[in-house]
Amino acid sequence: QEWKNTFATWDPQDFCNISKVVLPTDTYWSPPIFILERVNGQNSNLDYMAVMHNGSFDSTQAFQVTLTCSLMILKFPFDTQTCNSSIASFLHPAVTDLVMKTRRTPAEMMKDSQSYFLTDGEWKFTNLSIIEYIEELGDGEFSVVTYVISMERQPTLYILNLILPACALYLLDMAVLFGPSSLEDKANFQIAIVLGSSMLAVILNNILPTSSNKPPVIGTH
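Let us look at the structure shown here. (Residues numbered from 1 in each chain as written. Predicted model: local features only at pLDDT ≥ 70, side-chain atom pairs only at ≥ 80, totals over all residues. Heavy atoms only, no water.)

Quick word on the packing of aromatic side chains
Heads up, the rule is: Planes of paired rings set the category: under 30 degrees apart is stacked, over 60 is edge-to-face and the rest tilted, where pairs are Phe, Tyr or Trp rings (Trp by its six-membered ring) whose centres lie within 6.5 Å. Secondary structure counts use DSSP, requiring at least four H or I residues in a row for a helix and at least two E residues in a row for a strand, with both numbered from the N terminus. Burial classification: accessible surface area is computed with a 1.4 Å probe over protein chains only, and a residue below 20% of its type maximum counts as buried, one above 50% as exposed, and the rest as partly exposed.
Scanning all chains against the criterion turns up 4 aromatic pairs. Seen in terms of ring centroids, Tyr28 and Phe57 are 5.3 Å apart; in terms of plane orientation they differ by 70 degrees. Their pairing is edge-to-face. Of the two residues, Tyr28 sits in the loop between β2 (20-24) and β3 (34-35) while Phe57 sits in strand β6 (residues 56-58), which places them 29 residues apart along the sequence. On the basis of an interplanar angle of 70 degrees and a centroid distance of 5.0 Å, the ring pair of Phe76 and Tyr158 is categorised as edge-to-face. One end of the pair, Phe76, is in the loop between β7 (63-67) and β8 (80-88); the other, Tyr158, is in helix α2 (residues 156-177), with 82 residues separating them in the sequence. Taking relative accessible area as the criterion, Tyr158 reaches 11% and is therefore assigned buried. Linked through ring pairs, Trp3, Tyr28, Trp29 and Phe57 together constitute an aromatic cluster.

Dropping the structure here:
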């Protein structure tokens, strides 16, 4: 965060050329902000801010939070999810007190965000966009900044552990059905294939998220 306080200025020449000081965050007023989609999380212990001689305040705090996000898993495991992280301050109206703006462009933040992914996980960070708008709430208007985050699922693990075994079972089913085996052998093979398909269905049910309005195509077939 960066903001200005015209009452916290000084001439560096009068104070041994000191143009910057670091103070606890509770020394001066700081904008109270909220993450609207936040469910729970943990704030950082970095409770300090930098104050410049011209009245500019700079405070950087790291948050580890869990956000709510509506999932669309129709194309699972080849799906792309878009989640929002909205930052707002409903204590100060935007017209008279507080208007929030981003300091960096989406391209710069995209580059920094990609550098934070130190390992190859299930998701690939694909896009980041920023929306700044005024939210009407009751009798007041408040400034809101929304970060729209797009992530693409890495399907390799699901292809190897789910799709390929399912295809192998279906091919085996076709081979047994039209093969020259006896009726008793075909029945035994069919029972084994049904058990294998049931195990794959249980695995699919365990890995799929339940917070989706439409089931995935792979789950219905």
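So, the pairing of strand β10 (residues 140-153)
Our working rule: A pair of strands is considered paired only if DSSP assigns at least 2 bridges between the two.
The buried count for β10 comes to 10 of 14 residues, which makes it a mostly enclosed element. Alignment of β8 against β10, held across 9 bridges, turns out to be antiparallel. Bridged to Ala88 within β10 is Val144. Between strand β9 (residues 123-137) and β10, which pair antiparallel one after the other, the connecting turn spans 2 residues, and Gly138 there sits at a positive phi close to 65 degrees.

With respect to the side chain of Ser89
As a reminder, the rule being used: Here a polar contact is taken to be a pair of N or O atoms separated by no more than 3.5 Å, where protein atoms must pair a possible hydrogen donor with a possible acceptor and residues adjacent in sequence count only if both atoms sit in side chains. Only heavy atoms enter the contact rule, under which two residues are in contact if any of them lie within 4.5 Å.
Of note, Ser89 is situated in the loop between β8 and α1 (106-115). Of the polar contacts made by the side chain of Ser89, one reaches the backbone oxygen of Pro32; its length is 2.6 Å. Once residues lying within four places of it in the same chain are set aside, the contact partners of Ser89 are Pro32, Ile33, Phe34, Leu98, Met100, Phe142 and Ser143.

Observations regarding the state of the cysteines
Quick note on the threshold: Put simply, a disulfide is two cysteine sulfurs that come within 2.5 Å.
Inspection of the entire model under this criterion finds 1 disulfide. Linked covalently through their sulfurs, Cys69 and Cys83 form a disulfide whose S-S length is 1.9 Å. Negative torsions about the S-S bond denote left-handed disulfides, and the value of about -85 degrees found for Cys69 with Cys83 makes this one left-handed. Of the two residues, Cys69 is situated in the loop between β7 and β8 and Cys83 in strand β8; the sequence distance between them amounts to 14 residues. Owing to a relative accessible area of 25%, Cys69 belongs among the partly exposed residues under this scheme.

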